[in-house]
Each structure stands twice: as structure tokens, then as C-alpha cells.
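For reference, the chains in residue letters:
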Amino acid sequence: MTLPLHLKYRPKTFAEVLGQDHVTKSLAEVMRRKSARAFLFSGPSGTGKTTLARICATEAGCDLADILEIDGATYTGIDDMRAVAAGLRYRPIGGADIKAVVIDECHSLSKASWQSLLKIIEEPPAHVYWFLCTTEPTKLPAAIKTRCLAYDLRPVPLDTLRELLDD
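### Some words on the packing of helix α4 (residues 78–87) against helix α5 (residues 111–122)
Contact geometry of α4 with α5 gives a least axis separation of 8 Å together with a crossing angle of 20 degrees. By the criterion of interaxial angle, the relationship of α4 to α5 is roughly parallel. For the crossing formed where α4 meets α5, the hand is right-handed. Across the interface between the two elements, Ile-78, Met-81, Arg-82 and Ala-85 of α4 pack against Ala-112, Ser-113, Ser-116, Leu-117 and Ile-120 of α5.

Here you go:
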């Protein structure tokens, strides 16, 4: 079975991420210092937002079993987000002490959903990290954006992608 390219070449460490040096250097230092718990990754499709969220989660000490990845375009309502927040009260089930919540396409969440998450994103439990990924950061409430460490990802240069595929 042949893997799709985005899975075959998906980075697992900051050093493997291509074309985002301005982001990976900063993230590596932030994760080393444990100086932030909520992150916002924005940029065009295919720039590595969700991949960076996964890498950060593992750098924070999270097992893959304790990364909760949510499709914000599907689970948009307040009840969905209340259920997520309620589940964060409990310790992780994997071997690590950290849980991570990755909300992909988070710009699709309803206003009520964001209101329900505001407090827990601002003051997450000690074992929780938040990673919000979006192609449309202007659609996020300002109150959420100000509580996150924000990173804007750029498209990966074509020459960089060609070099990867030629190897």
C-alpha cells in the first residue's frame, strides 16, 4: 500500500519541518521553557499547522493516545466543546502526564463554543495544552487570539519541496 505524500513525508520533529524555520526555532524554545499552554497556528492549507501542533504535543511530553484532535468544521457547537472541556478535568490515560487538544479548522466553531472555551484556554489545567489551527485567523474572537501564542505559517517554497521529493 502506498502512503499519500502528506503522510509519507509528515515531519515528527522540529528539525524535520521544512520551510518554517521562523516558527520551529521559536516553538522549540517555548516548549523547552514550557512558557505557553495555548497556541494558534494560522496559514494556508498544507503549511504544517496540524503537524506542528502534534510535534509540540509530543515535545511537551504527550503520548499519541492523549492527543485529542478535533475537526472544528464538524464539531462546531457548544455542546461539543463543553464535552471536550469536561473531559480535560481527568488525567491522561496514556503513559504521560500531558493531554493536548488540537482543534483543526477552529475558525468554524460557533461564537457560543468559543465562549464556553474562553476560561479553560486562558487558564488550562496544569496537564493540558491547546493547539488551534486555522486558515482564517480573522474569524477567531479577539479574546481567544490574545490568550494564545500565535504563529503564522508561510507556504513552503517549491524548490524545498522538489528537493524533498528528489531525495
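Now that the structure has been shown, the text picks up again.
### Overview of the environment of Ala-100
Residue position: Ala-100 is located in strand β3 (residues 98–104). With 47 residues separating them along the chain, Ala-100 and Ala-53 place their C-alpha atoms 8.8 Å apart. Not counting residues up to four positions away in its chain, the partners in contact with Ala-100 are Ala-57, Cys-62, Asp-66, Ile-67, Leu-68, Tyr-129 and Phe-131.

### With respect to unusual backbone geometry
Despite not being glycine, Lys-34 has its phi angle at roughly 55 degrees, a positive value. Among the structural elements, Lys-34 can be located in the loop between α2 (21–33) and β1 (38–42).

### Overview of the pattern of salt bridges
Applying the stated rule across the entire model yields seven salt bridges. Residue Arg-32 pairs with Glu-29 through a salt bridge whose shortest N-O separation is 2.6 Å. With Arg-32 and Glu-29 both in helix α2 and three residues apart, the pair spans about one turn of that helix. Between Glu-122 and Arg-147 there is a salt bridge, and its shortest N-O distance comes to 3.4 Å. Taken together, the residues span a long stretch of sequence, with Glu-122 in helix α5 and Arg-147 in the loop between α6 (142–145) and β5 (149–152) at a distance of 25 residues. On the basis of relative accessible area, Arg-147 is assigned to the partly exposed category, the value being 30%. Ionic contacts of the salt-bridge type, sharing partners, join the residues Glu-29, Arg-32 and Arg-33 into one network.

### Remarks on the sheet that holds strand β2 (residues 62–71)
What holds strands together in a sheet is hydrogen bonding between their backbones, with the strands either parallel or antiparallel. Strand order in the open sheet formed by five strands is β2-β3-β4-β1-β5, and the pairing between neighbours is parallel. Whereas interior strands pair on both sides, the edge strands pair on one side only; in this sheet they are β2 and β5. Taken pair by pair, the neighbouring strands of this sheet meet at an average axis angle of 20 degrees, ignoring direction. In the sheet, β3 pairs with strand β4 (residues 128–134) via five bridges, with the strands oriented parallel. The residue bridging Lys-99 from the neighbouring strand is Val-128, located in β4.

### Remarks on the nonpolar core
The biggest cluster of nonpolar side chains holds 25 residues, and the ones touching the most others in it are Leu-27, Phe-39, Phe-41, Leu-52, Phe-131 and Tyr-151. For this core, the secondary-structure elements that each account for two or more residues are α2, β1, α3 (49–59), β2, β3 and β4. Top element by residues in this core is α3. It accounts for five residues. Listed in part, the 22 residues of the second largest apolar core include Met-81, Ile-103, Cys-106 and Leu-117.

### Examining the packing of α2 against α3
It is the contact of α2 with α3, at a shortest axis distance of 10 Å, that shows an interaxial angle of 25 degrees. Relative to α3, the element α2 lies roughly parallel. In the packing of α2 onto α3, the handedness of the crossing is right-handed. Where α2 abuts α3, its residues Val-23, Thr-24, Leu-27 and Met-31 lie against Leu-52, Cys-56 and Glu-59. Its residues placed into classes, the contact of α2 with α3 shows five nonpolar, one polar and one charged.

What counts as what
Residues numbered from 1 in each chain as written. Predicted model: local features only at pLDDT ≥ 70, side-chain atom pairs only at ≥ 80, totals over all residues. Heavy atoms only, no water. Axes fitted to C-alpha atoms, helices over the stretch in contact; angles between N-to-C directions. Helix = DSSP H or I, 4+ residues; strand = E, 2+ residues; numbered from the N terminus. Parallel < 35°, antiparallel > 145°, perpendicular 65-115°, else oblique. Left-handed = near helix turned anticlockwise from the far one by under 90°. Contact = heavy atoms within 4.5 Å. Salt bridge = Lys/Arg side-chain N within 4 Å of Asp/Glu carboxyl O. Buried < 20%, exposed > 50% of the residue type's maximum accessible area, 1.4 Å probe, protein only. Pairing = 2+ DSSP bridges. Core = buried A, V, L, I, M, F, W, Y, C linked by side-chain atoms within 4.5 Å. Nonpolar A, V, L, I, M, F, W, Y, C, P; charged D, E, K, R; others polar.

Read these as geometric descriptors, not functional statements.
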